[in-house]
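# Fold and contact review
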Amino acid sequence: MKEPVFYEPADILIYVQDKGMVLKERSLLAFHKSDGKIVAIGAEAERIEGVAEDLAVVSPLRRGAVADYQTAAALFSFLLNKAAGKRTVLRPAVAVSVPAGLTAVERKALEEVLMQAGAKKLLFSELPIRTLVREFPERYPQEYRKYKLIIGITKEEPERYAEERLKELLEYSLREQIPQERVYELWRKCRENGEV
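Residues numbered from 1 in each chain as written. Predicted model: local features only at pLDDT ≥ 70, side-chain atom pairs only at ≥ 80, totals over all residues. Heavy atoms only, no water.

Strands sit in the order β4-β3-β5 across an open sheet of three strands; the sheet is antiparallel. Edge positions in the sheet fall to β4 (38–41) and β5 (55–58), since each has one partner strand and no second. Each neighbouring strand pair of the sheet contributes to a mean axis angle of 20°, computed without reference to strand direction. (Pairing = 2+ DSSP bridges. Helix = DSSP H or I, 4+ residues; strand = E, 2+ residues; numbered from the N terminus. Axes fitted to C-alpha atoms, helices over the stretch in contact; angles between N-to-C directions.)

On to the side chain of Arg-26. Within the fold, Arg-26 resides in strand β2 (residues 20–26). At 3.0 Å, the side chain of Arg-26 and the side chain of Asp-11 are in polar contact. (Polar contact = N/O pair within 3.5 Å; in protein donor to acceptor, adjacent residues only side chain to side chain.)

Moving on, we come to the sheet that holds β2. In space, the five strands of this open sheet follow the order β2-β1-β10-β8-β9, with mixed pairing throughout. Because the sheet does not close on itself, it has two edges, and the strands there are β2 and β9 (121–125). Pairwise comparison of adjacent strand axes, ignoring direction, gives a mean angle of 20° for this sheet. As judged from the four bridges shared by strand β8 (residues 93–97) and strand β10 (residues 149–154), these two strands associate in the parallel manner. Considered in β10, the bridge of Ser-97 is made with Gly-152. Against the sheet, helix α3 (residues 104–117) touches β8, β9 and β10, its axis set at about 145° to β9. (Contact = heavy atoms within 4.5 Å.)

It is worth spelling out the packing of helix α2 (residues 69–84) against α3 at this point. Closest axis-to-axis distance for the α2/α3 pair is 8 Å, and the angle between their directions is 50°. Between α2 and α3, the crossing angle belongs to the class labelled oblique. For α2 against α3, the interelement crossing comes out right-handed. Within the contact between the two elements, α2 uses Tyr-69, Ala-72, Ala-73, Phe-76, Ser-77 and Leu-80 and α3 uses Ala-109, Leu-110, Glu-112, Val-113, Leu-114, Gln-116 and Ala-117. Its residues placed into classes, the contact of α2 with α3 shows 10 nonpolar, two polar and one charged. (Parallel < 35°, antiparallel > 145°, perpendicular 65-115°, else oblique. Left-handed = near helix turned anticlockwise from the far one by under 90°. Nonpolar A, V, L, I, M, F, W, Y, C, P; charged D, E, K, R; others polar.)

The terminal C-alpha atoms of α2 lie 22 Å apart, and with 16 residues this matches the ideal 22 Å at 1.5 Å per residue to within 8%. Within α2, the full set of buried residues consists of Thr-71, Ala-72, Ala-73, Leu-75, Phe-76, Leu-79, Leu-80, Ala-83 and Ala-84. Two to three positions downstream of the cap, the backbone nitrogen of Gln-70 sits 3.2 Å from a side-chain oxygen, assigning the N-cap of α2 to Asp-68. (Expected span 1.5 Å × (residues − 1). Buried < 20%, exposed > 50% of the residue type's maximum accessible area, 1.4 Å probe, protein only.)

Quick look at the pairing of β8 now. Of all five residues making up β8, five are buried, and the element is well covered by its neighbours. Of the two faces of β8, the one carrying Ala-93, Ala-95 and Ser-97 and the one carrying Val-94 and Val-96 are both buried. On the question of chirality, the crossover connecting β8 to the parallel β9 by way of α3 is right-handed. (Right-handed = clockwise from strand over helix to strand, strands pointing away.)

This is the structure in structure tokens:
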């Protein structure tokens, strides 16, 4: 594994048709810096953060998009297997609730990660996960019986994404020597105009 870059983790929810939510995990992996061996995923990785100097904890997703392909594939492979439980599910068809505004490149990267992680077919939707689960039969009647797993990549506390984005803007303004007051002023104008 390469030197980690930490992004605010997303919440990954997995529903199984006719069973409801079977898994809710954070998009975190803990691994040894020395050899790259993964030692924990999700909430367990969050708990061991800072325990040992050789351990790094990362989120391979950035605002719902794949930021690190290798760790994202490992994360989703683990989560799909965990959601399947003791049942052996051979490459399930997966419906995915993705954050609105993913670019075509970001969507393609997520598609490749999920296919490598074990999905057979994918259906993407920008509907919020709970809406997608509730309205899946009506909105996608042809696909309803084929897609047994529904994954949501979301943020239960969306203001944390906004904090991350604002922090990036402020860091950029410092590098480019733009007064921070100007950044806040532009942010307020954009909000007033409904642009953010």
